[in-house]
Amino acid sequence: MEAVTILTALLAALAAAGMVGCVLQTGRAQRAEVEVARLREELAVACHAAAHDPLTGLPNRRAFYRSAPALVADRQRRPLMAVLVDLDDFKRVNDTLGHAVGDQVLVTVARRFSELAGGGLVARLGGDEFVGLLAWPGADSQGLYEAGRMLTAGLAAPVIVPEAGVAVTASVGVVSSWGPADLDELLDRADAAMYRAKSQRTCGRLEHWPGPEPAVRPDFEWLPNRPARLPLGVSRDHAAGF
């Protein structure tokens, strides 16, 4: 009888030890799952930070050049517009009003560009330069021209900083591609159009590459119904906000 009691106690102890082991193993597994989830989250945050501008949240230069070639090569995304934006006298904004005001302007331009581009690829190249690749599948030359004009108007409109009493404008270059295109050549054309707009103080220049349909005003300079450039100190009453 005593032997049976001892054996029963021994079996109970072994069972309890097994349960404790299971509990310990389960706890370790749960902690491991939590740790893996934490590491995955940290990796996702790090990958996002590596591909995006920390101020505006837009893709950065590296991310743009990683994504743009596939967009340019996709025949289903024709016609395609390339857009380059450069803020006017932005260094003077930073130097005279401080980087906080400059950052506010950059964030506003980034948000405006993203909204106008819809689902297009928009990125901050660095400093006060922004770039976009926008697809308009099925658009004819007239439709693309009107879309480009509206885009140019929206991006060239002054950014009002009421608390600083300033209005900052941008120079915009827009070109279109109807067929196979080289990314560098497309961006070079947009860059040249943008600098022509800046040098001529027209704020926006819209140019079309030759396409399968007759081009509509293929070399068109669009001048908004406002001064080409607004000096620092212009009030909200003298410039239309966006």
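Residues numbered from 1 in each chain as written. Predicted model: local features only at pLDDT ≥ 70, side-chain atom pairs only at ≥ 80, totals over all residues. Heavy atoms only, no water.

**Quick word on the packing of helix H2 (residues 61–73) against helix H6 (residues 183–200)**
Where H2 meets H6, the closest approach of the two axes is 10 Å, and the angle between their N-to-C directions is 105°. Taken together, the axes of H2 and H6 are roughly perpendicular relative to one another. Seen from H2, the contacting residues are Phe64, Tyr65, Ala68, Pro69 and Val72; seen from H6, they are Leu183, Asp184 and Leu187. For the contact of H2 with H6, the residue count by class is seven nonpolar, no polar and one charged. (Axes fitted to C-alpha atoms, helices over the stretch in contact; angles between N-to-C directions. Helix = DSSP H or I, 4+ residues; strand = E, 2+ residues; numbered from the N terminus. Parallel < 35°, antiparallel > 145°, perpendicular 65-115°, else oblique. Contact = heavy atoms within 4.5 Å. Nonpolar A, V, L, I, M, F, W, Y, C, P; charged D, E, K, R; others polar.)

**Description of the pattern of salt bridges**
Across all of its chains, the model carries seven salt bridges by this definition. With a closest N to O distance of 2.6 Å, Asp95 and Lys91 form a salt bridge. Placement of both Asp95 and Lys91 in helix H3 (residues 90–97) is noted, with a separation of four residues, approximately one turn of the helix. Taken individually, Asp95 and Lys91 each receive the classification exposed, so the pair is uniform in this respect. Through salt bridges that share partners, Asp86, Asp88 and Lys198 make up one connected network. (Salt bridge = Lys/Arg side-chain N within 4 Å of Asp/Glu carboxyl O. Buried < 20%, exposed > 50% of the residue type's maximum accessible area, 1.4 Å probe, protein only.)

**Digging into unusual backbone geometry**
Excluding glycine, most residues fall at negative phi; most peptide bonds, likewise, are trans. Here the phi dihedral of Asp89 falls at roughly 55°; this positive angle occurs in a residue that is not glycine. By the element assignment, Asp89 lies in the loop between strand S1 (80–87) and H3.

**Observations regarding the nonpolar core**
Val83, Val85, Val105, Phe113 and Phe130 are the most contacted members of the largest nonpolar core, which has 30 residues in total. The element contributing the most residues to this core is helix H4 (residues 99–117), with seven residues. In this structure Phe113 touches Val83, Val85, Val122, Phe130, Val131, Gly132 and Leu155, once residues within four positions along its chain are discounted. (Core = buried A, V, L, I, M, F, W, Y, C linked by side-chain atoms within 4.5 Å.)

**Some remarks on the pairing of strand S3 (residues 129–135)**
When you tally the buried positions in S3, you get five out of seven residues, the bulk of the element. As judged from the seven bridges shared by S1 and S3, these two strands associate in the antiparallel manner. Note on S3: the bridge partner recorded for Val83 is Gly132. Relative to S3, strand S2 (residues 121–126) runs antiparallel, the two sharing five bridges. When the bridges of S3 are listed, Ala123 appears paired with Val131. Here S2 folds back onto S3, and the loop between the two strands holds two residues, one of which, Gly127, carries a positive phi near 60°. (Pairing = 2+ DSSP bridges.)

**Quick look at the confidence of the model for the protein**
Reading predicted coordinates in detail is not appropriate for stretches of low pLDDT. Of the residues in the protein, 64% have a pLDDT of 70 or more, and the chain-wide mean is 75. Within the model, the stretch residues 208–242 combines pLDDT values under 50 with 85 contacts to residues more than four positions away or in other chains. (pLDDT = per-residue confidence, 0-100.)

**Overview of the pairing of strand S6 (residues 170–177)**
The buried fraction of S6 amounts to eight of the eight residues, a majority that puts the element mostly inside the structure. Where burial is concerned, the two faces of S6 agree: the one with Ala170, Val172, Val174 and Ser176 and the one with Ser171, Gly173, Val175 and Ser177 are both buried. As defined by bridge partners, S1 adjoins S6 across eight bridges and the pair is classed as antiparallel. Across the sheet, the residue bridging to Leu87 is Ala170, located in S6.

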